[in-house]
Amino acid sequence: MTEYEEHRYDVVIIGAGGAGLRAAIAAREAGMRTAIICKSLFGKAHTVMAEGGIAASMGNANARDNWQVHFRDTMRGGKFLNNPRMAELHAKEAPDRVWELETYGALFDRTADGKISQRNFGGHEYPRLAHVGDRTGLELIRTLQQKIVSLQQDDGAHSDGRHSDGAHSNGVRSNGSHSHAATASEGKLKVFAELTVTELLRDAGGAIAGVFGYWRESGRFVVLRAPAVVLATGGIGKSFKVTSNSWEYTGDGHALALRAGSTLLNMEFVQFHPTGMVWPPSVKGILVTESVRGDGGVLRNSEGTRFMFDYVPDVFRKSYAQTEDEADRWYSDPEHNKRPPELLPRDEVARAINSEVKAGRGSPHGGVFLDVSTRLPAEEIIRRLPSMHHQFKELADVDITKEPMEVGPTCHYVMGGVEVNPDTAAATGVPGLFAAGEVAGGMHGSNRLGGNSLSDLLVFGRRAGISAAEYVTGLAGRYPAVSESSVATAATAALAPFQTDAGENPYTLHQELQQTMNDLVGIIRKAAEMRHALDRLADLKVRATRVCVEGHRQFNPGWHLALDLRNMIAVSECVARAALLREESRGGHTRDDFPAMSAEWRRKNLVCAGTVTPAGVVDISVSEQPIPDIRPDLLRLFESDELSKYLTESELPAQLAKET
Ligand code: FAD
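Reading the values: rules and limits
- Residues numbered from 1 in each chain as written.
- Predicted model: local features only at pLDDT ≥ 70, side-chain atom pairs only at ≥ 80, totals over all residues.
- Heavy atoms only, no water.
- Helix = DSSP H or I, 4+ residues; strand = E, 2+ residues; numbered from the N terminus.
- Rg over C-alpha atoms; globule rule 2.2 N^0.38 Å.
- Buried < 20%, exposed > 50% of the residue type's maximum accessible area, 1.4 Å probe, protein only.
- Salt bridge = Lys/Arg side-chain N within 4 Å of Asp/Glu carboxyl O.
- Axes fitted to C-alpha atoms, helices over the stretch in contact; angles between N-to-C directions.
- Parallel < 35°, antiparallel > 145°, perpendicular 65-115°, else oblique.
- Left-handed = near helix turned anticlockwise from the far one by under 90°.
- Contact = heavy atoms within 4.5 Å.
- Nonpolar A, V, L, I, M, F, W, Y, C, P; charged D, E, K, R; others polar.
- Pairing = 2+ DSSP bridges.
- Near = heavy atom within 4 Å.
- Polar contact = N/O pair within 3.5 Å; in protein donor to acceptor, adjacent residues only side chain to side chain.
- Areas by Shrake-Rupley, 256 points an atom, 1.4 Å probe, with all protein chains shown as cover.
- Expected span 1.5 Å × (residues − 1).

Moving on: the overall build of the protein chain. Across its full length, the protein chain carries 20 helices and 20 strands. In terms of C-alpha radius of gyration, the protein chain reaches 24 Å, essentially the compact-globule figure of 26 Å for 660 residues. Dimensions of the protein chain, computed from the C-alpha atoms along their principal axes, are close to 75 × 60 × 55 Å. Expressed as a percentage of the 660 residues in the protein chain, the buried residues total 63%.

Structure follows, in structure tokens:
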């Protein structure tokens, strides 16, 4: 019989980044007994790394900004593949979420007249990113944690309720029998840190009944029974060799949703941020924030040319400067000049850098030059970009106040994710499952604008928490049951790497996976290479069933990786399959063999589903699904000649008729 400890909650949130914490606050404020689970230490979620800021049309830097302009920019950035309702809710609600953070205690940088300061970022028409230097994510997490602690204190729970230790001593029983946790003494809002969820548990009808996981330190198993689960697990970057993402980004939430019977959409769209560090090799991929360009930094090739002027696509030509003089004037007089092309959306800049390097005009270590040293006084650089100054000095021995940085594209963000209801964040196909933040799909279409993730986390994290609470209330106490057999199956799968002798090494498989995704499904894609990638992934999938680890369950990183691997492989297969099918280039998906954007393809989302075989392998299938119509009042925010660049000819007359 499986030995595990057990707890009962109304809502379980997997993830303690911005989305998870905001969802937890909402669920708790709705009266739910809420658990937050994270595989890192509390406070160390990936969100803490966010640098540049949070996008919200507060209009502090330019009074003409409003939610309609933000919506328009977001749809343009996503090349009209965004779920329009999500983009609308996001643009409308982001300012309230930022102001609300201040009521929780956040301290944003201010303008001279005391308003929240807002900075420029690629693809945003007006300065829109509220920020705290280049450490915005840290402030966001600090503030949300503070709010969590204050809610715990309201509950009069243990003052150490944020620690996992209390959980260990509650409801644990050995000798194979489980116990019912003494939840009343645990308080209504509890954090289970350094606990990895490996499976969602469902009842016989397929509804969510709880989660199964293990303490990373002891390796002991845990079951949290709950009728509602919010996935807030972030992204998938660790499937790629060069990435800005943290170790947590193994696509767990994406894979948990697939295995539970939900669907993922837009998985072919992976954002390669244009500016990651390229040297030295040990730090390759670490992010160089877009704020460097927002604050005046320019990109040059080895010949000293500001090459971005050669890469402005037709759809953006009207809004971007054609000469260096005009681009430079824009920083001091944005009303009468057009934006510099360095501030095009990320996909455009990443492709341009890639082309320059391929054409032999790259920097010594395979990137291009990003220079802020000749653009701003040294003290201003240190004031505005303290982390960047520190990062380059410490890691590359480069003083960015005196010399340019070398930068190149790095895998940064996944636009694809769990298919959700835009208003409720409910995941498709699995009652009781919700998703928010980077793990959810639809909001950003084919390409996310910088700053739109932090606002997405707060807007949809809150909605997910509220919806989960409403769902639980609707159950009126009739909670789905966890079966012992589903717990036993999850435990067997988790222990499998200990049962295999002389099998595959998880580190070798991970390296092969990362190399495959980087080389064959990376920034520029070709059909033959993606077919090759799918062959390699099929091989890795089989080999992963024979993965073997040594030692015991107490803090065993090899075992942790072995369990993460099947998630990374499943998610990578979704990316590769969808990327092979989509025969056009759009946003974070560039096909060498289909370089143009196709209006026919804009009408379709690719949706991945998974079937778990008896051997525990996930078989992936991909199908086409029509994308939702854009409401006429939202369409009217665009000029018809712009719409004609995105919509099909057959769609256009109908859509434009709706405009009148
Ligand atoms: P995360 O913050 O990643 O949290 C995921 C949580 O899930 C973690 O707590 C993790 O432990 C937990 N978890 C995952 N799997 C499991 C599991 N199996 N069991 C238990 N727990 C699990 N966006 C912006 O808008 N503005 C910026 O300025 C910005 N700067 C960035 C800078 C960097 C360097 C990077 C890498 C990204 C940046 N982004 C920025 C993007 C943004 O930070 C992320 O998209 C966002 O933070 C994701 O938040 P999240 O809440 O979805 O997930």
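Let us look at the pattern of salt bridges. This structure, assessed with the given rule, holds 60 salt bridges. When the shortest N-O distance is used, the salt bridge between Arg72 and Glu125 registers 3.6 Å. Here Arg72, found in helix 2 (residues 67–77), pairs with Glu125, found in the loop between strand 5 (118–119) and strand 6 (129–130); they are 53 residues apart in sequence, far enough to count as distant. Taken together, the shared-partner salt bridges in this structure form one network comprising Arg85, Glu88, Lys92, Asp423, Arg631 and Asp633.

This paragraph deals with the packing of helix 14 (residues 506–520) against helix 16 (residues 557–581). At a minimum axis distance of 9 Å, the contact between helix 14 and helix 16 shows a crossing angle of 25°. Here helix 14 lies roughly parallel to helix 16, going by the angle between them. Note that helix 14 runs across helix 16; the crossing there is left-handed. For the pair formed by helix 14 and helix 16, the contact residues are Pro506, Tyr507, Leu509, His510, Leu513 and Met517 on the first element and Pro557, Gly558, Leu561, Ala562, Leu565, Met568, Ile569, Ser572 and Val575 on the second. When the residues that make up the contact of helix 14 with helix 16 are grouped by side-chain class, the tally is 12 nonpolar, three polar and no charged.

The N-to-C vectors of helix 1 (residues 18–29) and helix 12 (residues 452–475) enclose an angle of 40°; their axes lie 7 Å apart at closest approach. As far as their axial angle goes, helix 12 and helix 1 are oblique. Regarding helix 1 and helix 12, the two cross each other, and that crossing is right-handed. Seen from helix 1, the contacting residues are Gly18, Ala19, Arg22, Ala23, Ala26 and Ala27; seen from helix 12, they are Leu457, Leu458, Gly461, Arg462, Gly465 and Ile466. For the contact of helix 1 with helix 12, the per-class residue count stands at seven nonpolar, three polar and two charged.

Spatially, 17-12-19-20 is the arrangement adopted by the four strands of the open sheet, whose pairing is antiparallel. Single-partner strands in this sheet number two, and they are strand 17 (417–418) and strand 20 (618–626). Sheet topology places strand 12 (residues 264–265) next to strand 19 (residues 604–612); two bridges connect them, and they run antiparallel. Looking across to strand 19, one finds that Leu265 is bridged to Val607. Lying on the sheet, helix 6 (residues 252–260) is in contact with strand 12, strand 17, strand 19 and strand 20; it crosses strand 19 at an angle near 70°. Taken strand by strand, helix 16 contacts strand 12, strand 19 and strand 20, and its axis lies near 40° from that of strand 20.

What follows is about the site of the ligand. As a structural note, the neighbourhood of the ligand is formed by 40 residues, with Thr47, Glu248, Tyr249, Asp252 and Glu438 the closest of them. Contact between the ligand and Ala232: an oxygen atom at 3.4 Å from a main-chain N or O atom of the residue. A distance of 2.8 Å is found between an oxygen atom of the ligand and a backbone nitrogen or oxygen belonging to Leu454. Here the ligand loses 99% of its free accessible area of 1000 Å² to cover by the protein chains.

Here we come to unusual backbone geometry. Note that the residue after Trp279, namely Pro280, is joined by a cis bond; omega there is -5°. Relative to the helices and strands, Pro280 resides in the loop between strand 13 (270–277) and helix 7 (291–294). One non-glycine residue with positive phi stands out, namely Asn266, at about 65°. Its place among the elements puts Asn266 in the loop between strand 12 and strand 13. Here Asn266 falls in the buried class, since its relative accessible area comes to 0%. Notably, Asp397 is not glycine yet its phi reads approximately 55°, a positive angle. Along the chain, Asp397 falls in the loop between helix 11 (386–396) and strand 16 (405–414).

Here we come to helix 9 (residues 346–358). An α-helix turns once every 3.6 residues. As a result, residues three or four positions apart point the same way. For helix 9, which comprises 13 residues, the first-to-last C-alpha distance of 18 Å matches the rise-based estimate of 18 Å (1.5 Å per residue) to within 8%. Among the 13 residues in helix 9, 10 count as buried, and that is most of the element. All of the buried residues in helix 9 are Arg346, Asp347, Glu348, Val349, Ala350, Arg351, Ala352, Ile353, Asn354 and Glu356. Buried positions along helix 9 lie against strand 13, helix 7, strand 14 (298–300), strand 15 (368–371) and strand 16. Looking one or two residues beyond helix 9, the residue adopting positive phi is Gly360, at roughly 85°.

The end-to-end C-alpha separation of helix 1 is 17 Å, in line with the 16 Å expected for 12 residues at 1.5 Å each. Counting buried residues along helix 1, 11 of its 12 residues qualify, which places the element largely inside the surrounding structure. Along helix 1, the residues classified as buried are Gly18, Ala19, Gly20, Leu21, Arg22, Ala23, Ala24, Ile25, Ala26, Ala27 and Arg28. At the exit of helix 1 stands Gly31, carrying a positive phi of roughly 90°.

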